[in-house]
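Structural features, examined
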Amino acid sequence: MSEPAQPGAAIPPDDPNRKLSVAEPEDPALRHVAVVGGTYTILLSGANTAGRYCLIDMLVPPGGGPSPHRHDFEEMFTLLEGEIAFTFRGETSVIKSGMTVNIPANAPHFFRNNATQAARLLCMCAPAGQEEFFMLVGTPVNSRTAAAPKLSQEEMQAFGKKAAALAPRFHTELLKP
């Protein structure tokens, strides 16, 4: 836990080179990517936040969600719509709309949308970097509501190999289901 600022501690001056970031979900400049059945929109990248965090809008279809994994950075999810089963260190909890989950660094976790409708999550990773992992392993799509393409068995295997090869670069470990 960080300590509170000491009296008289200097706060760095404002950096006029950093601009206000407004993430408008329908902005045509946003990057959208299909990642194993879900559609992720990069709302704020590390370039927007001086590398401190990234913010990702995740549309997860019924049955969708990442395989078990862990990474050496903090991650926070706020469920905007729907309901998911979230497994953290082997214990599963049902997370409902409006709830927030914070994942400490290095903890094994995954989630599955067990509902009959898509779930929408807002994911913040700190520090940034995970957005680039998604862009490298996923398939670009046209919008945040675009249906992710169905992957064949061969395409799923290729995705798994690519994700496993890139995972160490992004401080991530893919775990066995």
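Bear in mind that the values here come from a model prediction, so they are computed numbers and not experimental data.

Here we come to the overall build of the protein chain. Scanning the protein chain from N- to C-terminus turns up 2 helices and 12 strands. Ordered by position from the N terminus, the helices and strands of the protein chain form the series β-β-β-β-β-β-β-β-β-β-α-β-α-β. Taken against the 2.2 N^0.38 rule, which gives 16 Å for 177 residues, the C-alpha radius of gyration of the protein chain at 17 Å falls within 12% of a compact globule. C-alpha atoms of the protein chain, sized along the principal axes, occupy 60 × 40 × 35 Å. Looking at the 177 residues of the protein chain, the share that counts as buried comes to 37%. Long-range contacts, defined as pairs at least 24 residues apart, comprise 72% of the intrachain contacts of the protein chain with a sequence gap of at least 6. Between the mean site of the 15 positive side-chain charges and the mean site of the 18 negative ones, the protein chain shows a separation of 5 Å.

Next up on the list: the pairing of strand β9 (residues 109-112). The alternating pattern of β9 places His109 and Phe111 on a buried face and Phe110 and Arg112 on a face that is not buried. Inspection of the sheet shows strand β6 (residues 83-88) paired to β9 by 4 bridges, in the antiparallel sense. The partner of Ala85 across the bridge, within β9, is Arg112.

Where nonpolar side chains cluster on the molecular surface, the patch consists of Val36, Leu151 and Met156 and spans about 190 Å² of accessible area. By secondary structure assignment, the location of Val36 is in the loop between β1 (31-35) and β2 (38-44).

A complete count under the given rule lists 5 salt bridges for this structure. One salt bridge in this structure joins Glu26 and Arg144, with 3.5 Å as the shortest N-O distance. Within this pair, whereas Glu26 is found in the segment before β1, its partner Arg144 is found in the loop between β11 (139-140) and α2 (153-166), the two being separated by 118 residues in sequence. Given the relative accessible area of 58%, Glu26 is considered exposed. We note a salt bridge from Asp57 to Arg120, for which the minimum N-O separation is 2.8 Å. With Asp57 in strand β3 (residues 54-60) and Arg120 in strand β10 (residues 119-126), this residue pair connects regions lying 63 residues apart in the sequence. What emerges from the salt-bridge pattern is a single network uniting Glu26, Asp57, Arg120 and Arg144.

What counts as what
- Residues numbered from 1 in each chain as written.
- Predicted model: local features only at pLDDT ≥ 70, side-chain atom pairs only at ≥ 80, totals over all residues.
- Heavy atoms only, no water.
- Helix = DSSP H or I, 4+ residues; strand = E, 2+ residues; numbered from the N terminus.
- Rg over C-alpha atoms; globule rule 2.2 N^0.38 Å.
- Buried < 20%, exposed > 50% of the residue type's maximum accessible area, 1.4 Å probe, protein only.
- Contact = heavy atoms within 4.5 Å.
- Lys, Arg positive; Asp, Glu negative; His and termini not counted.
- Charge placed at Lys NZ, Arg CZ, Asp CG, Glu CD.
- Pairing = 2+ DSSP bridges.
- Patch = residues over 30% accessible without salt bridge, like charges linked within 9 Å, V, L, I, M, F, W, Y side chains within 5 Å.
- Areas by Shrake-Rupley, 256 points an atom, 1.4 Å probe, with all protein chains shown as cover.
- Salt bridge = Lys/Arg side-chain N within 4 Å of Asp/Glu carboxyl O.

By themselves, these are just geometric observations and shouldn't be taken as functional.
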